[in-house]
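Structural characterization, general
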Amino acid sequence: MQQTAETVWGSCLDFVQDNIQKQAFKTWFMPIVPVKLNGAALSIQVPSKFFYEWIEEHYIKILKVALTKELGDEARLVYIIKMENTYGNKLPFTEKIPSKNRNGIDIQSVDAPLRNHPSELKNPFVIPGIRNLKIESQLNPSYNFENFLEGDSNRLARSAGMAVANRPGGTSFNPLLVFGGVGLGKTHLAHAIGVDIKEKYPEKTVLYISAEKFTQQYIEAIKKNNRNDFIHFYQLIDVLIIDDVQFFSGKSGTQDVFFHVFNHLHQNGKQVILTSDKAPVDMQDIEQRLLSRFKWGLSAELQRPDYETRVSILKNKLYRDGVELPEEIISYVAKSVKTNIRELEGAIISLIAQSSFNKHEVTLELAKQVVEKFVRNTKREISIDYIQKVVSDYFQMDVTTLQSKTRKRHIVQARQLAMFFAKKFTKSSLANIGNQIGHRDHATVLHACKTVDNLAFTDKQFRKYVEDLTKKLSS
Ligand code: ADP
Ligand code: MG
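Remember, it's a predicted structure, so these values are computed and weren't measured experimentally. (Residues numbered from 1 in each chain as written. Chains lettered and ligands numbered in written order. Predicted model: local features only at pLDDT ≥ 70, side-chain atom pairs only at ≥ 80, totals over all residues. Heavy atoms only, no water.)

Mapped onto the secondary structure, Phe-51 falls in helix H3 (residues 49–58). What makes Phe-51 buried here is its relative accessible area of 0%. Here the alpha-carbon distance between Phe-51 and Ile-32, two residues 19 residues apart in the chain, equals 9.1 Å. (Helix = DSSP H or I, 4+ residues; strand = E, 2+ residues; numbered from the N terminus. Buried < 20%, exposed > 50% of the residue type's maximum accessible area, 1.4 Å probe, protein only.)

Shown next, in the form of structure tokens:
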């Protein structure tokens, strides 16, 4: 039989699959696409430079064995790095590595002049008057890799974080941007990377700071005419971790200063780690030049944990707290609290607290009561006003336009969507919904709900609106 890229790769995969762990296989081999076979050279497409480096580092031996079996001693592997968002469109791997060889720069000589004049530097972390150049990392040691449990939802971000911790500034994931919704572990992971680096490279200056605090410090510095000191201070850092960079939205002064700091660090082979509640493409009011910098490295998403991961996080938490709970209860909590890990921890903590206050055993009955109360309390109340705001923002119109009497098709559609979501997400009556959305009657609202149901079924574009808005409203 004539060999093709597909058949050769297929046989390699069979071999690899038998020899490595299932999860690892899924993560690192499934996304690879065989592209062509040229003599004994097999070209495979990998989703990013990260993949390529990872495979080279961890799996090249086994691949070599597999490939040699298929293609003989001449066998060669050629990587093609895909430059777009891939991986099921879930994890945007953005890849554009600046051409400059960062490792070729003599870091010492760049920083030396600054280091020789510490007295000229003002450290924004130090109370004025006390001169102290040792920079406190502001890291929380209880957020480490060991207690950051691995699951499908975080595997890539976690692995990338570990790779960065092993070689800060020395991988292509610079900056490493970790993004995802609230309570999914961004802050924990960011600290874990810093903590690990501090352990492996005690001489490196690591600094964790929230984007909010960075902004405050910058404003202070401007007030005191210390902008240069501020910049110099940050340029001394070897590993800079900035949490929640979405906070920079609309703050052009801070963005500007961060841009300078970033460029300096990056050019000198220093590592930058950022977290954000959105992917770079969804960030608003962040300057283009900064967004493009974010894309230089790797963007890795933290997703909602699946059931298995939720169970292992709960078990780990209980184990650390020295508490034992029946399996049944753990799985009940894991099934009921799905949105994020912070809530999951909150639920289990209040359950333990309840049982110890009341000296009750934790029964399924108690678990139900606590979780129900807990889930209900933390679920953000969505108001009709909020829905109208989200829908009109989405269609780039004012709320007054959405409510107006016009029959223009796109406005009518937006209004109907608002009514539909008000019905879906609030407990309001049809009459009340109609009243709040431009003084319509209950029949109009009912009609709107039916129309949206129908259109979502028949019209692909419309279905996308419904999906997008559902996502926005339930996040
Ligand atoms: P974010 O910064 O994304 O809002 P956090 O990092 O504050 O989220 O995480 C919320 C809570 O969930 C923290 O207590 C954190 O320790 C815990 N957590 C998040 N991810 C994990 C994980 N993979 N394993 C164990 N605990 C986790
Ligand atoms: Mg956080």
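Attention shifts here to the site of ligand 1. Taken together, 17 residues surround ligand 1, and among them Gly-183, Thr-187, His-188, Arg-342 and Glu-345 come closest. Within the backbone of Leu-184, one N or O atom sits 3.3 Å away from an oxygen atom of ligand 1. Take Arg-342: an N or O atom from its side chain is 2.8 Å from an oxygen atom of ligand 1. Compared with its free state, where it exposes 560 Å², ligand 1 has 91% of that area covered by protein. Looking at the shell around ligand 1, the elements that each hand over two or more residues are helix H7 (186–200) and helix H14 (341–357). For the shell around ligand 1, the residue count by class is seven nonpolar, seven polar and three charged. Built from parts of two domains, the shell around ligand 1 gets at least three residues from each of domain 2 (155–302) and domain 3 (307–377). (Near = heavy atom within 4 Å. Polar contact = N/O pair within 3.5 Å; in protein donor to acceptor, adjacent residues only side chain to side chain. Areas by Shrake-Rupley, 256 points an atom, 1.4 Å probe, with all protein chains shown as cover. Nonpolar A, V, L, I, M, F, W, Y, C, P; charged D, E, K, R; others polar. Domains from an automatic or database assignment.)

Moving on, we get to the sheet that holds strand E3 (residues 76–81). Pairing is mixed across the open sheet formed by three strands, whose spatial order is E1-E2-E3. If you trace the sheet from one side to the other, it starts and ends with strand E1 (33–38) and E3, each paired once. When strand polarity is set aside, the average angle formed by the axes of neighbouring strands in this sheet is 25 degrees. Bridge count between strand E2 (residues 41–46) and E3: six bridges; the pairing is parallel. Bridging across to E3, Gln-45 finds its partner in Ile-80. The sheet contacts of helix H1 (residues 5–19) involve E1 and E2, and relative to E1 the element is tilted by about 120 degrees. In the packing of helix H4 (residues 60–71) onto the sheet, contacts are made with E1, E2 and E3, and the angle to E3 comes to roughly 120 degrees. (Pairing = 2+ DSSP bridges. Axes fitted to C-alpha atoms, helices over the stretch in contact; angles between N-to-C directions. Contact = heavy atoms within 4.5 Å.)

Counted under the stated rule, the structure contains 19 aromatic pairs. Summarising the aromatic geometry, the rings of Phe-214 and Phe-230 are spaced 5.2 Å apart at their centres and angled 65 degrees between planes, so their arrangement reads as edge-to-face. Highlighted residues: Phe-214 in helix H8 (residues 211–223) and Phe-230 in helix H9 (residues 227–235), separated in sequence by 16 residues. Residue Phe-230 is classed as buried on the basis of its relative accessible area of 2%. Arranged with centres 5.0 Å apart and planes meeting at 85 degrees, the rings of Tyr-394 and Phe-395 form a pair that is edge-to-face. Using a relative accessible area of 21% as the deciding quantity, one classes Phe-395 as partly exposed. Through pairs of rings, three or more aromatic residues link up here, namely Phe-214, Tyr-218, Phe-230, Phe-233, Tyr-234, Phe-248, Phe-258, Phe-262, Phe-294 and Trp-296. The ring centre of Phe-247 lies 4.0 Å from the NZ or CZ of Lys-251, which sits over that ring. Just above the ring of Phe-259 sits the side chain of Arg-289; from NZ or CZ to the centre is 4.0 Å. (Phe/Tyr/Trp six-rings, centres within 6.5 Å; stacked < 30°, edge-to-face > 60°. Lys NZ or Arg CZ within 6 Å of the ring centre and 35° of its normal.)

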